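Letter by letter, the chains look like this.
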Amino acid sequence: MDVEKAFQVVGNFGRYQASSFVCLASIQFFLALQMVQIMFIGAKPDVTTTSRGIMQPVGMVTIVTEWKLYDKMWTVDLVQSIFMFGVLMGNLLIGQLSDKFGRKSVLYKVFGMLIFTSFLTTFANNYKILAAIRYFVGVFQGGTVLVSFVLAQELLGSSVWTITGNIMPALFAVGIAALAGLASIFTNWHDLCLVTSLPGILPLLGLIFVPESPRWLYSQGKVGEAENTLQYMARKNGVPQTVCSSIILRHSVKKKAVTYTIRDLFTSRQIAVRTIVMGYLWFVCSFAYYGLTMAAGDLSPNLYTSVALSGLVELPSYVISMFLIDRNWAGRRKTLAGTLLFCGVACVAIMFVHVNEDTGTSTAKLVLGLLGKLAISASFAIVYIYASELFPTVIRNVGMGTSSVCARVGGMLAPYIPSLKKFAAPLPFVIFGLVSLIAGFISFALPETLNQPIPDTIDDVIKNENIKTNATQDDTTHLLHDTDAV
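Residues numbered from 1 in each chain as written. Predicted model: local features only at pLDDT ≥ 70, side-chain atom pairs only at ≥ 80, totals over all residues. Heavy atoms only, no water.

**Re the packing of aromatic side chains**
Logical step 1: Taken as a whole and judged by the stated rule, the model has 19 aromatic pairs.
Logical step 2: Ring centres 5.8 Å apart and planes at 5 degrees place the aromatic pair Phe-40 and Tyr-304 in the stacked group. With Phe-40 in helix H3 (residues 38–41) and Tyr-304 in helix H15 (residues 303–312), the pair connects residues that are 264 residues apart, well separated along the chain.
Logical step 3: Judged by centre distance (5.0 Å) and plane angle (90 degrees), the rings of Tyr-289 and Tyr-290 are edge-to-face. Residues Tyr-289 and Tyr-290 agree in their burial class; the two are buried.
Logical step 4: In this arrangement the basic side chain of Lys-373 is found over the ring face of Tyr-289, its NZ or CZ atom lying 4.7 Å from the centre. (Phe/Tyr/Trp six-rings, centres within 6.5 Å; stacked < 30°, edge-to-face > 60°. Helix = DSSP H or I, 4+ residues; strand = E, 2+ residues; numbered from the N terminus. Buried < 20%, exposed > 50% of the residue type's maximum accessible area, 1.4 Å probe, protein only. Lys NZ or Arg CZ within 6 Å of the ring centre and 35° of its normal.)

**What to know about a nonpolar patch on the surface**
Logical step 1: Taken together, the side chains of Tyr-108, Leu-194, Leu-198, Ile-201, Leu-205, Ile-208 and Phe-209 make up a nonpolar region of the molecular surface, amounting to roughly 650 Å² of accessible area.
Logical step 2: Relative to the helices and strands, Leu-198 is located in the loop between helix H9 (189–195) and helix H10 (201–206).
Logical step 3: Residue classification places Leu-198 among the partly exposed residues on the basis of a relative accessible area of 44%. (Patch = residues over 30% accessible without salt bridge, like charges linked within 9 Å, V, L, I, M, F, W, Y side chains within 5 Å. Areas by Shrake-Rupley, 256 points an atom, 1.4 Å probe, with all protein chains shown as cover. Salt bridge = Lys/Arg side-chain N within 4 Å of Asp/Glu carboxyl O.)

**Focus: the packing of helix H16 (residues 314–324) against helix H18 (residues 363–390)**
Logical step 1: Between H16 and H18, the shortest axis-to-axis distance is 8 Å and the interhelical angle comes to 50 degrees. Classed by the angle they form, the pair H16 and H18 counts as oblique. Crossing geometry of H16 relative to H18 is assigned as right-handed. Every residue of H18 that contacts H16 at Glu-314, Pro-316, Ser-317, Tyr-318, Ile-320 and Ser-321 is listed here: Lys-373, Leu-374, Ser-377, Ala-378, Ala-381 and Ile-382.
Logical step 2: Classifying every residue of the contact of H16 with H18 by side-chain character gives seven nonpolar, three polar and two charged. (Axes fitted to C-alpha atoms, helices over the stretch in contact; angles between N-to-C directions. Parallel < 35°, antiparallel > 145°, perpendicular 65-115°, else oblique. Left-handed = near helix turned anticlockwise from the far one by under 90°. Contact = heavy atoms within 4.5 Å. Nonpolar A, V, L, I, M, F, W, Y, C, P; charged D, E, K, R; others polar.)

**Here's the deal with the environment of Leu-265**
Logical step 1: With respect to the secondary-structure elements, Leu-265 resides in the loop between helix H13 (241–244) and helix H14 (269–294).
Logical step 2: The exposure class of Leu-265 is buried, given its relative accessible area of 0%.
Logical step 3: In sequence terms Leu-265 and Ile-350 are 85 residues apart; their C-alpha atoms lie 39 Å from each other.
Logical step 4: Ignoring anything within four residues of it in the chain, the contact list for Leu-265 reads Ile-271, Ala-272, Thr-275, Phe-391, Ile-395, Val-398, Gly-399 and Thr-402.

**Brief notes about the nonpolar core**
Across soluble globular proteins, you tend to see nonpolar side chains buried next to one another.
Logical step 1: Counting 131 residues, the largest nonpolar core has Leu-24, Phe-111, Leu-207, Met-278, Tyr-290 and Met-400 as the members making the most contacts within it.
Logical step 2: In terms of residues, this core owes the most to one element, H14, which gives 14 residues.
Logical step 3: Setting aside chain neighbours within four positions, we find Met-278 in contact with Val-383, Tyr-386, Ala-387, Leu-390, Phe-391, Ser-403 and Leu-446. (Core = buried A, V, L, I, M, F, W, Y, C linked by side-chain atoms within 4.5 Å.)

**Points about helix H20 (residues 427–442)**
Logical step 1: Compared with an ideal rise of 1.5 Å per residue, which puts 16 residues at 22 Å, H20 spans 23 Å between its outermost C-alpha atoms and is within 8% of the ideal.
Logical step 2: In this structure, the buried residues of H20 make contact with H14, helix H17 (331–349) and H18. (Expected span 1.5 Å × (residues − 1).)

**Topic: the pattern of salt bridges**
Logical step 1: In the structure shown here, the tally under the stated rule is seven salt bridges.
Logical step 2: As a salt-bridge pair, Glu-154 and Arg-396 come within 3.3 Å of each other at their nearest N and O atoms. Taken as a pair, Glu-154 in helix H7 (residues 127–154) and Arg-396 in helix H19 (residues 396–413) lie far apart in primary sequence, 242 residues in all.
Logical step 3: We classify Glu-154 as buried; its relative accessible area is 1%.
Logical step 4: Taking the relative accessible area as the measure of exposure, Arg-396 reaches 2% and is therefore buried.
Logical step 5: Note that Glu-389 is salt-bridged to Arg-332, the shortest N-O span being 2.7 Å.

**Thoughts on unusual backbone geometry**
Glycine aside, the phi torsion of most residues is negative, and most peptide linkages are trans.
Logical step 1: Phi angles above zero are rare outside glycine, and Lys-68 is one such case at about 55 degrees.
Logical step 2: Positionally, Lys-68 belongs in the loop between helix H4 (63–66) and helix H5 (74–101).
Logical step 3: Residue Lys-68 is classed as exposed on the basis of its relative accessible area, which comes to 56%.
Logical step 4: For Asn-451, which is not a glycine, the phi torsion comes out positive at approximately 65 degrees.
Logical step 5: Among the secondary structure elements, Asn-451 is positioned in the loop between H20 and helix H21 (458–485).

**Remarks on the packing of H7 against H19**
Logical step 1: With their axes 10 Å apart at the nearest point, H7 and H19 run at an angle of 140 degrees to one another. The orientation of H7 with respect to H19, classified from their angle, is oblique. Here H7 and H19 pass one another in a crossing that is right-handed. In this structure, H7 uses Val-145, Leu-146, Phe-149, Val-150 and Glu-154 to contact H19, whose residues at the interface are Arg-396, Asn-397, Met-400, Gly-401 and Arg-408.
Logical step 2: When its residues are assigned to classes, the contact of H7 with H19 shows five nonpolar, two polar and three charged.

Written as structure tokens, this is what we have:
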């Protein structure tokens, strides 16, 4: 049997897999605390002037107030861009390491380093040192994001990937809302960095009990290890020993481990199209997602409320996307296109609403901004699931890693877009809207993956698409014959 059939014996989401998934999914909560932390530690609070002419911050102590960066706010955007560049490098390098050395072994080391470097942020004493530390936080963040998601999915049967693929970003959204709550309590940026680094210790300890991905083992030709892992998972799920022993994998993959690189993403037309289109879609999702998150402060006068709402509004998006992508009339492709187009329309519409001249905000702007965030959040969740199904197992991490690199380019550019409001208040939202509209249209170039087999090799992708092409040609031929007969 192949790995997918083996999961029918093991269980798609048994109790042991559920405990492993809880550990891996909880990492997403921690990742959110790091990803948009700069919004609070780099905020520019209101100030009052004392009788001696000294400016005092009101309510918050941030790097801006401590290091007197009031006239150098560009340094805050620079720190976040350097962090995102680190995320990019982590996606690129660590993703390939996990393809070569295994998901779990790499994740354990990388996540441990992420906790350590995020803790070091607390002790930075100028923006240059902060930028250097945040670069390494970004590197380990990027690797953790990618490998934890891939490992979580590969430990489960593909039939539950839709649900679990939406649960993980939902926890990320809860993390953003929690960050706003923590920032309102720990108003000194040193304290905030400390309390957002320590929670990662719990899931790190939990990784000890998480198994290596049997899909990765099988793709590397380690058939015996894959069988042992699957049988172990089955026993932990309560499957009878006689049934566990029936898990015997076919030796259809090479026994010698093969290392795949970015070059393999362009070895066939089918894979190349998926790579290029996915690259742009991930760029847009990240660019608009983080851009709209960082622009949340322009939607409401209260920064904490705006960021919390920006995180919480994501939760219904995952329920909506989870419902739609498993429907035959919607699927992955149409749902992704629809959410991207909806985000584009909502963001562009902000240029037509009237805002308060003093605050630059309005209820209509808040609603449209949150709707745009809801839609792009759904798109980001779908594109993760979609990519994991489009790229075969042997290059899944390379493919998703490359797509994630494109996403991080978008994340690097996103911090600078909100500052364009000085030219025209709705301009940042219009930019996010236009790129989303384009992405919505080009997503139709991808094949639908709903109810399709998960490919393990590049040859599987080519064979599956050839079958679809031949089936379409046969349908056309039959239609022509029927017409001639009439």
